[in-house]
Amino acid sequence: MPEYEFVDVYVPRGVSRKDATRLLTDHAEYGHWELDRLSLLRDGSRKVRLRRRIIRQVRATW
């Protein structure tokens, strides 16, 4: 079963859809994050949860 780490990103109401898309694309491209959940709040702001897989190194035995 894969393990994930999560980060919550808050996008304020005044941010355009294009700018929000660019922000999330940068997170995905450079931080290897993927979209887990997006919530559109009543005031027009967005709450975004991103996730990425935790890769554990297996220690080699000599």
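Below: a short report on this structure.

What counts and what doesn't
- Residues numbered from 1 in each chain as written.
- Predicted model: local features only at pLDDT ≥ 70, side-chain atom pairs only at ≥ 80, totals over all residues.
- Heavy atoms only, no water.
- Pairing = 2+ DSSP bridges.
- Helix = DSSP H or I, 4+ residues; strand = E, 2+ residues; numbered from the N terminus.
- Axes fitted to C-alpha atoms, helices over the stretch in contact; angles between N-to-C directions.
- Contact = heavy atoms within 4.5 Å.
- Phe/Tyr/Trp six-rings, centres within 6.5 Å; stacked < 30°, edge-to-face > 60°.
- Lys NZ or Arg CZ within 6 Å of the ring centre and 35° of its normal.
- Salt bridge = Lys/Arg side-chain N within 4 Å of Asp/Glu carboxyl O.
- Buried < 20%, exposed > 50% of the residue type's maximum accessible area, 1.4 Å probe, protein only.

### Let's talk about the sheet that holds strand β2 (residues 34–40)
Pairing is antiparallel across the open sheet formed by three strands, whose spatial order is β1-β3-β2. Two strands close off the open sheet at either side, each with one partner strand: β1 (4–11) and β2. Strand-to-strand twist of the sheet, defined as the mean angle between neighbouring strand axes without regard to direction, takes the value 20°. Sheet topology note: the β2/strand β3 (residues 46–53) ladder contains six bridges and is antiparallel. If you follow Leu38 over to β3, its bridge partner there is Val48. Along the sheet face, helix α1 (residues 17–31) touches β1 and β3 and points at about 15° away from the line of β3.

### Regarding unusual backbone geometry
Backbone phi values are negative for most residues with the exception of glycine, while trans is the configuration of most peptide bonds. Here the phi dihedral of His32 falls at roughly 60°; this positive angle occurs in a residue that is not glycine. Secondary-structure assignment places His32 in the loop between α1 and β2.

### Focus: the environment of Ser39
Relative to the elements of secondary structure, Ser39 occurs in strand β2. For Ser39 and Tyr10, which are 29 residues apart along the polypeptide, the C-alpha to C-alpha distance reads 9.8 Å. Among all residues touching Ser39, those that are not within four sequence positions of it are Ser45, Arg46 and Lys47.

### Some words on the packing of aromatic side chains
The full count for this structure, using the stated rule, is zero aromatic pairs. The ring of Phe6 carries Arg49 above its face, with NZ or CZ at 5.1 Å from the centroid. Of note, Arg51 hangs over the ring of Tyr4, and the distance from its end group to the ring centre comes to 4.3 Å.

### Quick notes on the pattern of salt bridges
Close approach of charged atoms lets side chains of opposite charge pair. Taken as a whole and judged by the stated rule, the model has six salt bridges. Among the ionic pairs, Arg49 bridges to Asp8, the shortest N-O distance being 3.2 Å. Of this pair, Arg49 sits in strand β3 while Asp8 sits in strand β1, placing them 41 residues apart in sequence. The partly exposed category is assigned to Arg49, whose relative accessible area is 31%. Classification of Asp8 as partly exposed rests on a relative accessible area of 46%. For the salt bridge of Asp36 with Arg51, the shortest nitrogen-to-oxygen distance reads 4.0 Å. Here the residue Asp36 occupies a position in strand β2, and Arg51 occupies one in strand β3, the gap between them amounting to 15 residues. Judged by its relative accessible area of 30%, Asp36 falls in the partly exposed class. One network of salt bridges, in which partners are shared, links Glu34, Asp36 and Arg51.

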